[in-house]
Amino acid sequence: MSNHPVLIAGGGIGGLALALTLNQIGVPCVVFEQVREMKPLGVGINIQPNAVRELFDLGITAADLDGVGLPAREWALVGLNGNDVYSEPRGLEAGYRWPQYAVHRGLFQMLLYRKAVERMGAGAVRMGHRVAGYRNEADGTVTALVEAADGTRSEERGILLIGADGLHSAVRAQMHPGQPPIHWGGAIMWRGTSPGVPIRTGASFVGLGTHRHRVVFYPISAPDPSTGLATINWIAEVTVDGSQGWKSSGWFKPVEIDDFVHYFDGWTWDWLDLPALIRRADAAYENPMIDRDPIPTWRDGRVALIGDAAHPMYPTGSNGASQAIVDGRVLGAALVVHGLTPEALVAYDEKLCGPVGQLVLRNRGAGPFGLLNLVDERCGGTFDDIDAVIPPEERAAFMAGYKTAAGFAIETLNAAPPIIPAGARVVLG
Ligand SMILES: Cc1cc2nc3c(=O)[nH]c(=O)nc-3n(C[C@H](O)[C@H](O)[C@H](O)COP(=O)(O)OP(=O)(O)OC[C@H]3O[C@@H](n4cnc5c(N)ncnc54)[C@H](O)[C@@H]3O)c2cc1C
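The rules behind the values
- Residues numbered from 1 in each chain as written.
- Predicted model: local features only at pLDDT ≥ 70, side-chain atom pairs only at ≥ 80, totals over all residues.
- Heavy atoms only, no water.
- Helix = DSSP H or I, 4+ residues; strand = E, 2+ residues; numbered from the N terminus.
- Rg over C-alpha atoms; globule rule 2.2 N^0.38 Å.
- Contact = heavy atoms within 4.5 Å.
- Areas by Shrake-Rupley, 256 points an atom, 1.4 Å probe, with all protein chains shown as cover.
- Lys, Arg positive; Asp, Glu negative; His and termini not counted.
- Charge placed at Lys NZ, Arg CZ, Asp CG, Glu CD.
- Buried < 20%, exposed > 50% of the residue type's maximum accessible area, 1.4 Å probe, protein only.
- Pairing = 2+ DSSP bridges.
- Near = heavy atom within 4 Å.
- Polar contact = N/O pair within 3.5 Å; in protein donor to acceptor, adjacent residues only side chain to side chain.
- Nonpolar A, V, L, I, M, F, W, Y, C, P; charged D, E, K, R; others polar.
- Core = buried A, V, L, I, M, F, W, Y, C linked by side-chain atoms within 4.5 Å.
- Axes fitted to C-alpha atoms, helices over the stretch in contact; angles between N-to-C directions.
- Phe/Tyr/Trp six-rings, centres within 6.5 Å; stacked < 30°, edge-to-face > 60°.
- Lys NZ or Arg CZ within 6 Å of the ring centre and 35° of its normal.

Draft legend 1. Representation of the overall build of the chain within the structure. Of the regular secondary structure elements, the chain holds 13 helices and 22 strands. Taking 22 Å as the expected radius of gyration for a compact globule of 429 residues, we find that the chain reaches 22 Å, a close match to that expectation. Each principal axis of the C-alpha distribution contributes one length, and for the chain these read about 70 × 45 × 45 Å. Residue pairs at least 24 apart in sequence account for 75% of intrachain contacts in the chain once pairs closer than 6 positions are excluded. Split by element, the accessible area of the chain, about 17,100 Å² in all, is 53% carbon and sulfur. When the 35 basic and 45 acidic side-chain charges of the chain are each reduced to a single mean position, those positions are 5 Å apart.

In structure tokens form, the structure reads like this:
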């Protein structure tokens, strides 16, 4: 066994959670992150109980997570006339042993970054370094081709290379040079955060509208005790004809609120004034709802993919970040069993690549929002009695199917042994 570290391309949520995992199981690693400085970018995301369990096992506490978000209590779908389609408790209130968290993506990434630097030292995350490609070597190592922000190029030798480099992954592009372009189904999302009074349980995720025209909103902070206002994350979405592909430049592009708020004129009820909520945001971002077709394998010799590099998916299931965290843990468990070997990457790939590829396609088919499609098909989106449109048993069965596919079915998760047993270490030769 060589004394080369594991190389990680990308210091997003997936790459940093993997670095913390490797540190926990005694494996030296280095993260290469292309941006020069870590900044709290993005808006809200959900961390599902299956991933919160892994964060707790990594020594990230509820108090840490309370600093970047709040525990979610409810998930609800509401029709255009304001009537409930479906609602269910979430997290601890649903009976999970671990909470679900709604967090600010950027603050959460910064939390992982701080933990990585505290535990491994600043040198463990090399900012301003982009991994442009790799070479599997005959001597049982792998070389990462690295470009620094100042233009210098270097070759870094590792025992394994993990591509955690997101949607536009360079590692994946080399691994699958013939992969089709990014897939866009025609949905455009505008995202932002605004101060607002939380509704329903105070920590409810609400999806409102139809499957082609909707808004999702949920608080990502506890309310300020003096004002009662929390940070409300919102995603306003319309679906247009996507047959020509995504033409606009950029992803997460800043846009003027006036450019899109008109799609939601009249979306006002006594419990929500959506245009007013959107207008209170300091900034709004446009991004297409995009993903990539599943690929047959996430590994090539001593190289593997995790997170969005492996399986970029529509955010409809709120599980992209959660799956990125779980990937790193499953990979860590395979390293504990097989050592820092290609066999470990095979075991990891065999366990996740197929099922998570199916989840990507399921989210493309609307994920849990599929209930809104059904309402639309059966009554055009407006109803008085939801039971007459979709009986309660059918709604419950639909949601149970989704949770099983996404790995957060309550009884299964609660009974599952830890992915990485406490105290497990990789035996380094
Ligand atoms: C700036 C940003 C904002 C986001 N905001 C949201 C949001 O508001 N809501 C939401 O649902 N999802 C958001 N996402 C996506 C979400 O974070 C991911 O879907 C999920 O967390 C999976 O994380 P990941 O680590 O696999 O990928 P990412 O979070 O995309 O992280 C990938 C990391 O790799 C770095 N990187 C990329 N290419 C290279 C390379 N070749 N070499 C080295 N480093 C590289 C990137 O700079 C990034 O830090 C955002 C992603 C980014 C990068």
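After presenting the structure, the write-up continues.
Draft legend 2. A look at the pairing of strand β13 (residues 183-196). With respect to burial, β13 is a largely interior element, ten of its 14 residues being buried. Note that β13 and strand β20 (residues 284-291) share six bridges and pair antiparallel. Across the sheet, the residue bridging to Met189 is Asn287, located in β20. Sheet topology note: the β13/strand β16 (residues 230-239) ladder contains ten bridges and is antiparallel. Note that in β16 the partner of Ile188 across the bridge is Val238.

Draft legend 3. Just the site of the ligand, in detail. Around the ligand lies a shell of 30 residues, among which Glu33, Val43, Arg105, Arg191 and Asp308 are the nearest. With respect to the ligand, the side chain of Glu33 contributes an N or O atom lying 2.7 Å from an oxygen atom. The contact in question runs from an oxygen atom of the ligand to an N or O atom on the side chain of Asp308, over 2.6 Å. Breaking the shell around the ligand down by element, the ones donating at least two residues are α1 (13-24), β2 (29-33), β3 (44-47), α4 (105-120), β9 (129-136), α7 (307-310) and α8 (320-338). For the shell around the ligand, the leading source of residues is β9, giving three residues. Considered class by class, the residues forming the shell around the ligand number 13 nonpolar, eleven polar and six charged.

Draft legend 4. Representation of the nonpolar core. Counting residues in hydrophobic clusters, the biggest one holds 84 residues, and the most contacted among them are Val6, Ile47 and Phe108. If we skip the residues at most four places from it in the chain, Ile47 touches Val52, Leu55, Gln100, Tyr101, Val103, Phe108, Ala321, Ser322 and Ile325. Among the nonpolar cores identified, the runner-up in size contains 28 residues, and Val206, Trp269, Ala284 and Ile290 belong to it.

Draft legend 5. Local environment of the sheet that holds strand β10 (residues 142-148). What the three strands build is an open sheet, ordered β9-β10-β11; its pairing is antiparallel. The open sheet is flanked by β9 and β11 (153-158), the only strands paired with a single partner. Between one strand axis and the next, the sheet turns by 30° as a mean value, whatever way the strands run. Here β10 runs beside β11; their pairing, made up of six bridges, is antiparallel. Counterpart to Thr143 in the pairing with β11 is Arg157.

Draft legend 6. Inspection of the sheet that holds strand β17 (residues 253-255) at higher detail. Spatially, the eight strands line up as an open sheet ordered β6-β5-β14-β15-β16-β13-β20-β17, and their pairing is mixed. A strand with exactly one partner marks an edge of an open sheet, and here the two such strands are β6 (84-89) and β17. Each strand axis lies, on average, 20° off the axis of its neighbour in the sheet, ignoring direction. Relative to strand β15 (residues 213-219), strand β14 (residues 204-210) runs antiparallel, the two being bridged by five bridges.

Draft legend 7. Local environment of the pairing of β10. The buried count for β10 comes to five of seven residues, which makes it a mostly enclosed element. Two elements, β9 and β10, share seven bridges in a ladder whose sense is antiparallel. Looking at the pairing, Asn136 lines up with Val142 of β10. Taking the residues between adjacent antiparallel strands as the criterion, β9 and β10 are bridged by five residues, where Gly140 takes a positive phi near 85°. If you look at the hairpin formed by β10 and β11, you'll find four residues sitting between the two strands, and Gly151 has a positive phi there, around 95°.

Draft legend 8. Inspection of the side chain of Asp291 at higher detail. Its location among the elements puts Asp291 in strand β20. According to the relative accessible area criterion, Asp291 is buried, its value standing at 0%. Within the structure, Asp291 has its side chain in polar contact with the side chain of His183 (distance 2.8 Å). Side-chain polar atoms of Asp291 contact the side chain of Arg364, separated by 3.0 Å.

Draft legend 9. Up close: the packing of aromatic side chains. Under the counting rule described, the total for this entry stands at ten aromatic pairs. Where Trp75 meets Tyr86, the ring centres are 6.3 Å apart and the plane angle is 65°; that geometry is what we call edge-to-face. Of this pair, Trp75 sits in strand β5 (residues 74-78) while Tyr86 sits in strand β6, placing them eleven residues apart in sequence. Each member of the pair, Trp75 as well as Tyr86, carries the same accessibility label: buried. Ring centres of Trp190 and Tyr263 lie 5.4 Å apart, and the angle between their planes is 25°; on these two criteria the pair is classed as stacked. You can see Trp190 sitting in strand β13 and its partner Tyr263 sitting in the loop between β17 and β18 (268-269), a full 73 residues away along the chain. According to the relative accessible area criterion, Trp190 is buried, its value standing at 3%. An aromatic cluster is built from Trp75, Tyr86, Phe205 and Tyr218, whose rings are joined through pairwise contacts. Above the ring of Trp98, the side-chain terminus of Arg53 is found at 5.3 Å from the ring centroid.

Keep in mind these values describe shape, not function.
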